[in-house]
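# Observations on chain architecture
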Amino acid sequence: MDSNNISAPFLKSRVIEQKTLDLLDQFSKDTGKKIEYPVPVFDIIEYLGYDLDFRSYAKNEDILGETYIENKMVAINENLERQEGRMHFTAAHEIGHIILHAPLKEQTPGILCRKDEGFDGNNKNAMEWQADKFAAFLLMPTVQVKKSFFSVRNKPLNLKRNI
């Protein structure tokens, strides 16, 4: 099923970020593993009870990944193995679908993710945008980003737009 046909409830960014923090906290408590960066997205997929499959999408290179809610399967385009950052973002994005959209499972037996539907895409889709936002917060929690920033800079950076 294409996620374009599903309506997702509106979620504020702070709600999405809190869901990522809750997931990281619960994962750490349940597994006894301290969260280290980069976030272990593949371990989290398995922790959530989903199988992971790298597969060829030779006929449609625009497909980055899929989440099959009913079958508890996450598929990632095998071509992303050569793009580690993109591969981890796609896995985190699929986790976003599991956390944010699996509760809508009667509407979402499968969620297909294409390049053109998220942050960078031309075809904005609420579910894809939410999953992208979730992935960004999961991989780069605000507190951790600020901590890293201030470890190399002792005051805020003032950026002005040059016109």
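Computed from a predicted structure; not experimentally measured.

Here we take up helix α4 (residues 126-139). With 14 residues, α4 ought to run about 20 Å at 1.5 Å a step, and its terminal C-alpha atoms sit 20 Å apart, in line with that. Inspection of α4 places Met127, Glu128, Gln130, Ala131, Asp132, Phe134, Ala135, Phe137 and Leu138 among the buried residues, and these make up the whole buried set.

What follows concerns the pattern of salt bridges. Going through the model one piece at a time under the given rule, you end up with 3 salt bridges. In this structure, Lys29 and Asp25 form a salt bridge, with 3.2 Å as the shortest nitrogen-oxygen distance. Of the two residues, Lys29 and Asp25 are both situated in helix α1 (residues 13-31); the distance of 4 residues between them amounts to about one turn of the helix. Note on Lys29: relative accessible area 57%, which makes it exposed.

This brings us to the nonpolar core. If you look at the biggest cluster of nonpolar residues, it comprises 29 residues, and the most contacted ones within it are Ile44, Tyr50, Ile95 and Leu138. Per-element accounting of this core gives the leading share, 7 residues, to helix α3 (residues 84-101). Leave out the neighbours within four places in its chain, and Ile44 touches Leu23, Leu24, Phe27, Val39 and Ile95.

Before going further, it helps to spend a moment on the packing of α1 against α4. Taken N-terminus to C-terminus, the directions of α1 and α4 make an angle of 50°; their axes are 9 Å apart at the nearest point. Taken together, the axes of α1 and α4 are oblique relative to one another. Here the hand of the crossing between α1 and α4 comes out right-handed. Along the contact surface, α1 presents Ser13, Ile16, Glu17, Lys19, Thr20, Leu23 and Leu24, while α4 presents Trp129, Gln130, Lys133, Phe134, Phe137 and Leu138. Grouping the amino acids of the contact of α1 with α4 by side-chain chemistry returns 7 nonpolar, 3 polar and 3 charged.

Scoring rules and cut-offs
- Residues numbered from 1 in each chain as written.
- Predicted model: local features only at pLDDT ≥ 70, side-chain atom pairs only at ≥ 80, totals over all residues.
- Heavy atoms only, no water.
- Helix = DSSP H or I, 4+ residues; strand = E, 2+ residues; numbered from the N terminus.
- Expected span 1.5 Å × (residues − 1).
- Buried < 20%, exposed > 50% of the residue type's maximum accessible area, 1.4 Å probe, protein only.
- Salt bridge = Lys/Arg side-chain N within 4 Å of Asp/Glu carboxyl O.
- Core = buried A, V, L, I, M, F, W, Y, C linked by side-chain atoms within 4.5 Å.
- Contact = heavy atoms within 4.5 Å.
- Axes fitted to C-alpha atoms, helices over the stretch in contact; angles between N-to-C directions.
- Parallel < 35°, antiparallel > 145°, perpendicular 65-115°, else oblique.
- Left-handed = near helix turned anticlockwise from the far one by under 90°.
- Nonpolar A, V, L, I, M, F, W, Y, C, P; charged D, E, K, R; others polar.

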